[in-house]
Amino acid sequence: MKTFAILLTTLVLAFWVMAVALLSVQNATPVSLRFLAFQSIQIPVGLVLAFFAGVGMIGMALLQPLWGLAGSQQSSSTREDDAEFFVDDEDF
């Protein structure tokens with residue numbers, strides 16, 4: 001099952017890389033980004049798209065282990081809380 005998950009992840013990643021490459025080739029129009037009072041140099045739309053797609057992938061890869069740690073702590077505390085409510089009635 002782990003092999004299937006790795007294969008599926010690889011296929012999804014390959015699809016996104018191809019989509020970004022296709023959009024990058026088709027969108028060669030230079031643009032400049034503005035945020036508040038700041039403005040960037042003129043760069044192609046495809047390059048901006050590829051950059052932010054890469055930043056998103058790296059960000060998610062870094063955040064996933066943190067979510068796994070938080071989920072394991074929460075699930076263990078939930079199990080401990082549930083154990084308090086399941087009392088055998090035969091002891092009374």
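Structure: above.
Note that this is a predicted model, so its numbers are computed, not measured.

(A) Focus on the overall build of the protein. Looking only at helices and strands, the protein has two helices and four strands in total. Ordered by position from the N terminus, the helices and strands of the protein form the series α-β-β-β-β-α. Looking at the 92 residues of the protein, the share that counts as buried comes to 3%. The contacts in the protein between residues at least 6 apart in sequence include a share of 19% that link residues at least 24 apart. Of the roughly 8,300 Å² of accessible surface on the protein, 70% is carried by carbon and sulfur atoms.

(B) Region of interest: unusual backbone geometry. One non-glycine residue, leucine 36, adopts positive backbone phi at about 55 degrees. Note that leucine 36 resides in the loop between β2 (34-35) and β3 (38-39).

(C) Examining a nonpolar patch on the surface more closely. There is a patch of nonpolar side chains on the surface, built from Met1, Phe4, Leu7, Leu8, Leu11, Val12, Leu13, Phe15, Trp16, Val17, Met18 and Met57 and spanning about 1,300 Å² of accessible area. Here the nonpolar patch gets 10 residues from one element, more than from any other, and that element is helix α1 (residues 2-26). Relative to the assigned elements, phenylalanine 4 resides in helix α1.

The rules behind the values
Residues numbered from 1 in each chain as written. Predicted model: local features only at pLDDT ≥ 70, side-chain atom pairs only at ≥ 80, totals over all residues. Heavy atoms only, no water. Helix = DSSP H or I, 4+ residues; strand = E, 2+ residues; numbered from the N terminus. Buried < 20%, exposed > 50% of the residue type's maximum accessible area, 1.4 Å probe, protein only. Contact = heavy atoms within 4.5 Å. Areas by Shrake-Rupley, 256 points an atom, 1.4 Å probe, with all protein chains shown as cover. Patch = residues over 30% accessible without salt bridge, like charges linked within 9 Å, V, L, I, M, F, W, Y side chains within 5 Å. Salt bridge = Lys/Arg side-chain N within 4 Å of Asp/Glu carboxyl O.

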